[in-house]
Amino acid sequence: NLFYNLIILIIMIDLRSDTVTQPSKDMKKIMFNAPLGDDVYGDDPSINSLEKKASNLFGKEAALFVPSGTMANLISVLAHCNRGDEILLGDKSHIFVYEAGGTSVFGGIHSHQLKNNDDGTINLEDIKNGIRNSEDSHHPISRLVCLENTHNLCYGAPIGIKYLESVKKIITLNNLKLHLDGARIFNAAIALKTSVKELTKNVDSVSCCLSKGLSCPVGSLIMSNQDFINKSRRIRKALGGGMRQSGILAAGGEYALKHMVDRIEEDHANAQLLAKELSEINEIKIDLSKVYTNIIFFYLQNINLEDKGFISELSNNNIKIDSKGNRKFRIVTHYGIKKEDIHNVIKTIKKIINNYV
């Protein structure tokens with residue numbers, strides 16, 4: 001059974017998310033040999049090295065390593081806001097949709113959801129009109145705007161510098177701060193042909209995920225000024241995120257920042273190839289103009305095959321993708337997926353569809 005499971009693991013093409021990436025052999029070697037210490041005491045040299053490299057890369061004063069992207073966003077919101085304050089964010093944002101209401105549960109912070117456009121932005125007028133900082137005791141006080149880049153549910157769209165500048169101008173006039181959920185910020189930078197430093201120069205805090213496009217096994221980072229990171233470190237401890245010899249994880253992160261960023265271009269190219277091939281299948285509806293980075297959304301149409309059945313047929317052929325319900329599916333390309341895998345996926349999808357038409 002163990003041998004069988006290993007074989008399945010090797011040949012499975014898993015396109016559900018870029019969270020399923022596996023670290024490379026070189027990354028594992030670096031992690032195994034990483035110098036370690038107690039990070040809660042500030043004594044882990046691998047953690048300290050990663051945080052310094054990340055802060056320099058993003059052009060911020062300091063950085064903090066945390067276990068997950070959800071914790072990175074939660075810590076950032078808690079560091080910016082007090083209980084009873086309000087955050088403005090998109091109605092399709094990861095913080096609102098996928099993080100278990102943590103800002104409300106743990107921070108007592110009210111969320112004001114504004115409509116996300118298909119490109120991940122929020123209309124500037126909606127932000128301006130959504131801010132509440134008057135003396136009216138009926139209302140919570142707006143403290144923070146949260147944006148997402150790239151935007152997961154909005155077709156993996158990258159958000160450009162000019163838009164971030166416009167948002168910053170509006171909220172600065174109203175004494176609000178700007179947090180950027182940059183789980184896939186390196187995908188955005190690659191797509192926009194810029195640096196993460198330039199892309200995040202207008203934000204007060206930014207998180208980035210190491211375990212998606214950068215293919216680390218675990219971990220995220222928060223970058224901001226030194227005072228904010230000091231406050232975030234205390235919150236991390238309160239949330240149970242203070243780890244000990246966590247340099248074994250951080251070493252993978254530092255390796256990734258050095259060696260795994262530029263190769264993200266390959267993921268984007270594979271996504272474009274896969275999307276183009278899917279668009280030529282009559283029973284699939286896909287908007288090629290909305291394939292920006294490594295995330296693809298498509299719909300099944302004119303076929304007598306239920307969503308669960310389609311997923312099951314793919315799984316029987318050692319392919320996994322994500323079902324969003326109502327005939328909508330998501331595919332995410334990532335490290336470990338090759339061109340031959342893309343061709344295999346297309347061939348298999350065509351075969352399955354031909355069996356039902």
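Scroll up for the structure.
If you're wondering where the values come from, they're calculated on a predicted model, not measured in any experiment.

Novice: For this particular structure, what's the right way to read the nonpolar core?
Specialist: Nonpolar side chains tend to gather and get buried jointly when the protein is soluble and globular. One finds Ile 127, Val 145, Leu 147, Ile 185, Phe 186 and Leu 214 to be the most contacted residues of the largest nonpolar core, which totals 47 residues. Setting aside residues no more than four positions away along its own chain, Val 145 makes contact with Leu 88, Ile 127, Val 167, Ile 171, Leu 176, Lys 177, Leu 178 and His 179. Core analysis: the second largest hydrophobic core is formed by 28 residues, Ile 281, Ile 303, Ile 346 and Ile 352 among them.

Novice: Would you take a moment to explain the sheet that holds strand E9 (residues 284-285) for this structure?
Specialist: Taking strand neighbours across the sheet as the criterion, the 4 strands line up as E9-E10-E13-E12 in an open arrangement whose pairing is antiparallel. The open sheet has two edge strands with one neighbour each: E9 and strand E12 (322-325). In the sheet, E9 pairs with strand E10 (residues 295-300) via 2 bridges, with the strands oriented antiparallel. Within the sheet, the bridge partner assigned to Lys 285 lies in E10 and is Tyr 299. Where helix H13 (residues 264-279) meets the sheet, it contacts E9, E10 and strand E13 (328-332), and its direction lies at approximately 15° from that of E10.

Novice: Looking at this model, I keep getting lost on the layout of surface pockets. Mind explaining?
Specialist: With a probe scaled to a water molecule rolled over the atoms, the places where space remains empty come into view. The computed volume of the second largest pocket comes to approximately 170 Å³. As for the second largest pocket, its lining consists of 18 residues, of which Gly 69, Thr 70, His 94, Cys 209 and Lys 212 are closest to the centre. At 3 residues, the largest contribution of residues to the lining of the second largest pocket is made by helix H4 (residues 69-80). Taken together, the residues that form the lining of the second largest pocket break down as 4 nonpolar, 9 polar and 5 charged.

Novice: What exactly am I supposed to notice about the side chain of Ser 46 here?
Specialist: Its place among the elements puts Ser 46 in helix H3 (residues 45-58). What makes Ser 46 buried here is its relative accessible area of 6%. Of note is the side chain of Ser 46, whose polar atom sits 2.7 Å from the backbone oxygen of Pro 35.

Novice: Hey, could you run me through the pairing of strand E2 (residues 62-66) in this one?
Specialist: Taken across its 5 residues, E2 has 5 buried, putting it largely inside the fold. Neither face of E2 is left uncovered, since the one carrying Ala 62, Leu 64 and Val 66 and the one carrying Ala 63 and Phe 65 both have all their residues buried. Bridging between E2 and strand E8 (residues 220-224) involves 5 bridges; their strand directions are antiparallel. Counterpart to Ala 62 in the pairing with E8 is Ser 224.

Here is what the cut-offs are and how they apply
- Residues numbered from 1 in each chain as written.
- Predicted model: local features only at pLDDT ≥ 70, side-chain atom pairs only at ≥ 80, totals over all residues.
- Heavy atoms only, no water.
- Core = buried A, V, L, I, M, F, W, Y, C linked by side-chain atoms within 4.5 Å.
- Buried < 20%, exposed > 50% of the residue type's maximum accessible area, 1.4 Å probe, protein only.
- Contact = heavy atoms within 4.5 Å.
- Pairing = 2+ DSSP bridges.
- Helix = DSSP H or I, 4+ residues; strand = E, 2+ residues; numbered from the N terminus.
- Axes fitted to C-alpha atoms, helices over the stretch in contact; angles between N-to-C directions.
- 1 Å grid on protein atoms, 1.4 Å probe; cavity = no way out; pocket = protein on both sides within 12 Å on 5 of 7 lines; lining within 4 Å.
- Points joined across faces, edges and corners; volume = space filled by probe spheres on them.
- Nonpolar A, V, L, I, M, F, W, Y, C, P; charged D, E, K, R; others polar.
- Polar contact = N/O pair within 3.5 Å; in protein donor to acceptor, adjacent residues only side chain to side chain.

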